[in-house]
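Observations on the model geometry
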Amino acid sequence: MSGVLQQPGFLRLFLSNLVSQVGNKVHRIALLALVNELYGLVWTGLLISAQLFSRVILGPLLGPFVDRNDRRLIMLYSDLVCAALVALIPLLGIRSLGALIVLTVLVAATDALRYPALNSAVADLVPESSLDQANSLLLLTNRVAEIGFVALAGLLVAGVGFAPAFYIDAFSYLVSALYLLRLPALKPKPSPRRRYLTALLEGFRPLWHNRTLRYSVSSITVAALFGSAEAVLGYVLAVEVLKIGVQGFGVMEALTAAGALLGFLWVPRITRRMARERLFLLALMAFGLVYASMGAFPHPIWVGMASFLFGVANAGFIVPMRSILQLAAPADQRGRILGTFISLTDAGQIGGASLGAGLAAGLGVTGAVMFCGLAVTAVAVGVVLLGGGSPTRPPPHHGKNLNPAYRLTTYNGCGGRIPMNLQKLMKEAQKAQRKAAEVQERLGAMTVVGSASGVVEVTANGHGLIQAVKIKPEAVDPQDLEALEDLLLVAIQDAQRKAQELSEKEMGRELGGIGSMLGGMF
């Protein structure tokens, strides 16, 4: 997984996110302690709800802005604005509840803007082959920050008070912004300017018309609804059913976190051998079954083991889910689709807490846990039955209509093997060879253009050989040559990927199902 960190652009994005996440954990604990101490538990709950509702509402609304502007600058300015807002909390929020609510909602709004920009930038900075590694590392960063710094944040707030904790968070945003300064420009490709409302509605269209996006987003939203009920049901299960108390619930959460860490390390290895769509649905099924088993077998030892597996399965569907969205979403609509995605999952989490309490009252705690787990599994099974688990780009060797020259055997009615006519086989092979040679000649004359943020273009022929490089003046900064190197690397990788796709397409057109295999051999 460390290989993706050797790409300078992604490394800076990773470090920026790491510092920002650490600051966020300090901010969260300081905010909860501040509101609870000054204004009471009711306002604490209301403030958390206001943050979540802000993300739910603003995620889709800010999507067109992300797609129209440089994603690097969006993240950079978001960090700077957050630094200023967080620094104002100890100055104004302590004196006025209204000011505290406004500042908190504005921080949540900038977060709703930063999330789609960050996840869109990942797909711009790394090739498709490294996308799962990149997403795993970012999610791993979030989990490590949660495990390692929430407790430290509590100690910090208890030791030095609210104000220094908020200032530390503000400083972390500034450090994050410094890393983002070294990123290359991530400008969208030029596209016709439309009214904002029209562009907003366009972002919803692929979520229905694109089968991959439709099935993925709908299944993960339902999973968020039932899965988030675990936050309520897990605590009640530990305290009232298992009789292991708050400490036992803490152990369950720690085991879930440990399983998630293992899952984030494991998933990139699996996606090398399995299509992301299949892994996503299999992990979602396993997540639901493990979840249901906690209610079916409420024994402390099994629940502990299930908590660990719960975390592994959770990572198993979250990582490929992000990669699927980044690849299936049109590049010029990625911010809108990712913004809508996080809005729907946040809405599911809000509803999950109420759902868990309601089901526990009607079915009992164990019955509610079983129902929620089986509901998640049922959603995944339903998507499979509807054909939603098929990979959007199947591996080349999975083609069904192989050219007859490559069917070495056939079968008689009794199941016995009968060798094909050798002479016919040789003729077919020679014919395929001639066609392949013709395709190779055509590919040498064809060209593709790879680009990076619209300021660097690399032209290659159909064999992937670089023929020309075009660099716009705004891409050249004598003080930051590393940024130009990053842009060149991204443009070259984009051109070579397009050349590979062109080769597979041309070979497939002439030679049938084996064309995609031959395309990668020349």
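Residues numbered from 1 in each chain as written. Predicted model: local features only at pLDDT ≥ 70, side-chain atom pairs only at ≥ 80, totals over all residues. Heavy atoms only, no water.

Once that is clear, we can look at the overall build of the protein. The helix and strand tally for the protein stands at 18 helices and 5 strands. Residues classed as buried in the protein amount to 46% of the 522 residues present. Intrachain contacts of the protein at a sequence separation of at least 6 include 77% that bridge at least 24 residues. Entry remark: accessible area of the protein is about 24,300 Å², with carbon and sulfur atoms responsible for 65%. (Helix = DSSP H or I, 4+ residues; strand = E, 2+ residues; numbered from the N terminus. Buried < 20%, exposed > 50% of the residue type's maximum accessible area, 1.4 Å probe, protein only. Contact = heavy atoms within 4.5 Å. Areas by Shrake-Rupley, 256 points an atom, 1.4 Å probe, with all protein chains shown as cover.)

So, on to the confidence of the model for the protein. Taken over all residues, the pLDDT of the protein has a mean of 80, while the share at 70 or more is 86%. Note that pLDDT drops below 50 for residues 392-420; the model gives that stretch 37 contacts with residues more than four away or on any other chain. Every residue in residues 513-522 is under pLDDT 50, and counting partners more than four places away or in other chains gives 25 contacts. (pLDDT = per-residue confidence, 0-100.)

This part takes up the environment of Val 86. By the secondary structure assignment, Val 86 is in helix α4 (residues 71-93). Once the C-alpha coordinates of Val 86 and His 27 are considered, the two residues, 59 residues apart in sequence, prove to be 8.1 Å apart. Contacts of Val 86, omitting those with residues within four sequence positions, involve His 27, Val 107, Phe 166, Asp 169, Ala 170 and Tyr 173.

Sheet analysis places strand β3 (residues 447-452) next to strand β4 (residues 456-461), joined by 6 bridges and oriented antiparallel. Its bridge partner being in β4, Ser 451 is matched across the sheet by Glu 457. Between β3 and the antiparallel strand that follows it, β4, lie 3 residues; Ser 453 among them carries a positive phi value of about 60°. (Pairing = 2+ DSSP bridges.)

What follows covers helix α7 (residues 162-181). Between its terminal C-alpha atoms α7 stretches 29 Å, which fits the 28 Å expected from 20 residues at 1.5 Å a residue. Within α7 the residues assigned to the buried category are Phe 162, Ala 165, Phe 166, Asp 169, Ala 170, Ser 172, Tyr 173, Ser 176, Ala 177 and Leu 180. Down the axis of α7, the smallest arc covering the buried residues is 150°, so these residues share one side. Away from its buried face, by an angle of more than 90 degrees, α7 presents the exposed residues Phe 171 and Leu 178. (Expected span 1.5 Å × (residues − 1). Arc of directions from axis to C-beta.)

So, on to the pattern of salt bridges. Under the defined criterion, the tally for this structure stands at 12 salt bridges. Its salt-bridge partner being Asp 111, residue Arg 55 comes within 2.3 Å of it at the nearest N-O pair. Remark: Asp 111 occurs in helix α5 (residues 97-125) and Arg 55 occurs in helix α2 (residues 41-61); sequence separation between them is 56 residues. Arg 334 is the salt-bridge partner of Asp 124, the closest N and O atoms lying 3.3 Å from each other. Within this pair, whereas Asp 124 is found in helix α5, its partner Arg 334 is found in helix α14 (residues 334-363), the two being separated by 210 residues in sequence. Given a relative accessible area of 8%, Arg 334 falls into the buried group. Taken together, the salt bridges that share partners define one network made up of Asp 67, Arg 71, Asp 124, Arg 334 and Arg 336. (Salt bridge = Lys/Arg side-chain N within 4 Å of Asp/Glu carboxyl O.)

Even without being a glycine, Lys 243 presents a positive backbone phi close to 60°. With respect to the helices, strands and loops of the structure, Lys 243 is situated in the loop between α10 (230-241) and α11 (245-270). With a relative accessible area of 64%, Lys 243 lands in the exposed category.

Judged by side-chain polarity, Tyr 77, Leu 80, Phe 171 and Leu 174 come together as a nonpolar surface patch covering roughly 420 Å² of accessible area. Elements with a contribution of two residues or more to the nonpolar patch: α4 and α7. Here Phe 171 is to be found in helix α7. (Patch = residues over 30% accessible without salt bridge, like charges linked within 9 Å, V, L, I, M, F, W, Y side chains within 5 Å.)

Under the definition given, this model contains 7 aromatic pairs. Put simply, the rings of Phe 280, Phe 287, Tyr 291, Phe 310 and Phe 317 pair up and form one aromatic cluster. Note that Arg 214 overlies the ring of Tyr 215, its terminal NZ or CZ placed 5.1 Å from the centroid. (Phe/Tyr/Trp six-rings, centres within 6.5 Å; stacked < 30°, edge-to-face > 60°. Lys NZ or Arg CZ within 6 Å of the ring centre and 35° of its normal.)

Below, the discussion takes up the nonpolar core. One finds Phe 280 and Tyr 291 to be the most contacted residues of the largest nonpolar core, which totals 46 residues. Among the elements of the structure, α9 (211-227), α10, α11, α12 (276-296), α13 (300-328), α14 and α15 (365-385) are those that each provide at least two residues to this core. Ranked by residue count, the leading element in this core is α12, at 9 residues. (Core = buried A, V, L, I, M, F, W, Y, C linked by side-chain atoms within 4.5 Å.)

Okay, the packing of helix α8 (residues 196-209) against α9 next. At a closest axis distance of 5 Å, the pairing of α8 and α9 adopts a crossing angle of 90°. With respect to α9, the element α8 is oriented roughly perpendicular. On α9, the residues that touch Pro 206, Leu 207, Trp 208 and His 209 of α8 are Arg 211, Leu 213, Arg 214 and Val 217. Split by residue class, the contact of α8 with α9 holds 5 nonpolar, 1 polar and 2 charged. (Axes fitted to C-alpha atoms, helices over the stretch in contact; angles between N-to-C directions. Parallel < 35°, antiparallel > 145°, perpendicular 65-115°, else oblique. Nonpolar A, V, L, I, M, F, W, Y, C, P; charged D, E, K, R; others polar.)

Regular strands place side chains that alternate from one sheet face to the opposite one. Judged from the 5 bridges that link them, β4 and strand β5 (residues 466-471) form a sheet pairing that is antiparallel. Bridge assignment links Val 458 to a residue of β5, and that residue is Val 469. Here β4 folds back onto β5 in antiparallel fashion, the turn holding 4 residues, of which Gly 464 has a positive phi close to 90°.

Moving on: the environment of Ser 176. Examined against the element boundaries, Ser 176 turns out to sit in helix α7. Between the C-alpha atoms of Ser 176 and Asp 79, which are 97 residues apart in sequence, the distance is 7.0 Å. Setting aside its immediate chain neighbours within four residues, Ser 176 contacts Ser 16, Val 19, Ser 20, Asp 79 and Arg 114. Within polar-contact distance, the side chain of Ser 176 engages the side chain of Asp 79 at 2.6 Å. (Polar contact = N/O pair within 3.5 Å; in protein donor to acceptor, adjacent residues only side chain to side chain.)

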